[in-house]
Amino acid sequence: MNKLIAYKCKKCGRIMYPRHSRCLSCNGRAFEEISPAGECKLLTYTQIWNLPWGIDERSRTLGIVEFENGVKAMGWLKVRDAKVGMKLKANWEAVRVIKGQEVCGLTLYPAR
Ligand SMILES: [Zn+2]
């Protein structure tokens, strides 16, 4: 898995994640790669009990966040009392093990 990258249309500026071959707004085909930057805001979250193989805990909380540059992404929410709208800090680290290999993903921590 690669680092989280979103795609910004060079024509109209729309940000898309994941990538589409054509811009959903203007049909443009040229994109600039951007990485999530700064703090992000929690849009929604959910607790998952049926976890895929390779994860040890009984449950995990997944959050969807929006970064200051408009990128939206889903990550593992490592917050005890999650509240929609709270500020978070994103990190990129190992989140599970598949066939002995650590797989990295987005993790979310309280901003302070
Ligand atoms: Zn566009």
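Residues numbered from 1 in each chain as written. Predicted model: local features only at pLDDT ≥ 70, side-chain atom pairs only at ≥ 80, totals over all residues. Heavy atoms only, no water.

Chemist: Teacher, can you tell me more about the nonpolar core here?
Modeler: Within soluble globular proteins, side chains that are nonpolar tend to cluster in buried spots. Membership of the largest hydrophobic core comes to 16 residues, with the highest contact counts inside it found for Leu42, Val65, Leu77, Leu88 and Leu108. Dropping the residues within four chain positions of it, Val65 is found in contact with Cys40, Lys41, Leu42, Leu43, Val71, Lys72, Ala73, Leu88 and Leu108. Residues Tyr7, Met16, Cys23 and Phe31 belong to the second largest nonpolar core, which totals 5 residues. (Core = buried A, V, L, I, M, F, W, Y, C linked by side-chain atoms within 4.5 Å. Buried < 20%, exposed > 50% of the residue type's maximum accessible area, 1.4 Å probe, protein only. Contact = heavy atoms within 4.5 Å.)

Chemist: I keep staring at the confidence of the model for the protein chain and nothing clicks. Help me out?
Modeler: Should pLDDT be low for a region, the predicted coordinates there are not to be read in detail. Across the protein chain, pLDDT averages 88, with 96% of residues at or above 70. Ranking the helices and strands of the protein chain by mean pLDDT puts strand 4 (residues 40-48) first, with 95, and strand 2 (residues 15-16) last, with 85. (pLDDT = per-residue confidence, 0-100. Helix = DSSP H or I, 4+ residues; strand = E, 2+ residues; numbered from the N terminus.)

Chemist: Which parts of the structure should I look at to understand the coordination of the zinc ion?
Modeler: Every protein donor of the zinc ion is listed here as Cys9 (SG), Cys12 (SG), Cys23 (SG) and Cys26 (SG), and their distances to the metal cover 2.2 to 2.3 Å. Bound by 4 donor atoms, the zinc ion shows angles of 103 to 116° at the metal and therefore tetrahedral coordination geometry. Among the residues examined, Cys9 registers a relative accessible area of 3% and is labelled buried. Here Cys12 falls in the partly exposed class, since its relative accessible area comes to 42%. (Donors = N, O, S within 2.8 Å, 3.2 Å for Na, K, Ca; no water. Tetrahedral: all angles 85-135°; square planar, octahedral: opposite > 155°, others 65-115°.)

Chemist: Can you help me understand the layout of surface pockets in this one?
Modeler: To find the voids left in a structure, one rolls a probe of water-molecule size over its atoms. The computed volume of the largest pocket comes to approximately 390 Å³. Lining of the largest pocket is provided by 20 residues; of these, Leu62, Met74, Gly75, Val95 and Gly105 occupy positions nearest its centre. Counting only elements with at least two residues in the lining of the largest pocket, the list comes to strand 5 (60-67), strand 6 (72-77), strand 7 (87-98) and strand 8 (101-110). Among the residues forming the lining of the largest pocket, the class breakdown is 16 nonpolar, 2 polar and 2 charged. (1 Å grid on protein atoms, 1.4 Å probe; cavity = no way out; pocket = protein on both sides within 12 Å on 5 of 7 lines; lining within 4 Å. Points joined across faces, edges and corners; volume = space filled by probe spheres on them. Nonpolar A, V, L, I, M, F, W, Y, C, P; charged D, E, K, R; others polar.)

Chemist: Where do I start with the side chain of Ser59 in this structure?
Modeler: Within the fold, Ser59 resides in the loop between strand 4 and strand 5. Residues within four places of Ser59 in sequence aside, it is in contact with Gln47, Ile48, Trp49 and Leu51.

Chemist: What should I look at first to understand the side chain of Thr61 in this one?
Modeler: Locating Thr61 in the fold gives a position in strand 5. Judged by its relative accessible area of 19%, Thr61 is buried. Once residues lying within four places of it in the same chain are set aside, the contact partners of Thr61 are Tyr45, Thr46, Gln47, Gly75, Trp76 and Leu77.

Chemist: How should the sheet that holds strand 1 (residues 6-9) be read in this particular structure?
Modeler: Whether parallel or antiparallel, the strands of a sheet pair through hydrogen bonds between backbone atoms. An order of 2-1-3 is seen for the 3 strands of this open sheet, with the pairing classed as antiparallel. Unpaired on one side and paired on the other, strand 2 and strand 3 (31-34) mark the two borders of the sheet. Sheet topology note: the strand 1/strand 2 ladder contains 2 bridges and is antiparallel. Following the sheet pairing, Tyr7 is matched in strand 2 by Met16. (Pairing = 2+ DSSP bridges.)

Chemist: Hey, could you run me through the pairing of strand 7 in this one?
Modeler: Bridge count between strand 4 and strand 7: 2 bridges; the pairing is antiparallel. Considered in strand 7, the bridge of Cys40 is made with Leu88. Bridge analysis of strand 7 against strand 8 gives 10 bridges, and the strand direction is antiparallel. What sits directly across from Ala90, in strand 8, is Leu108.

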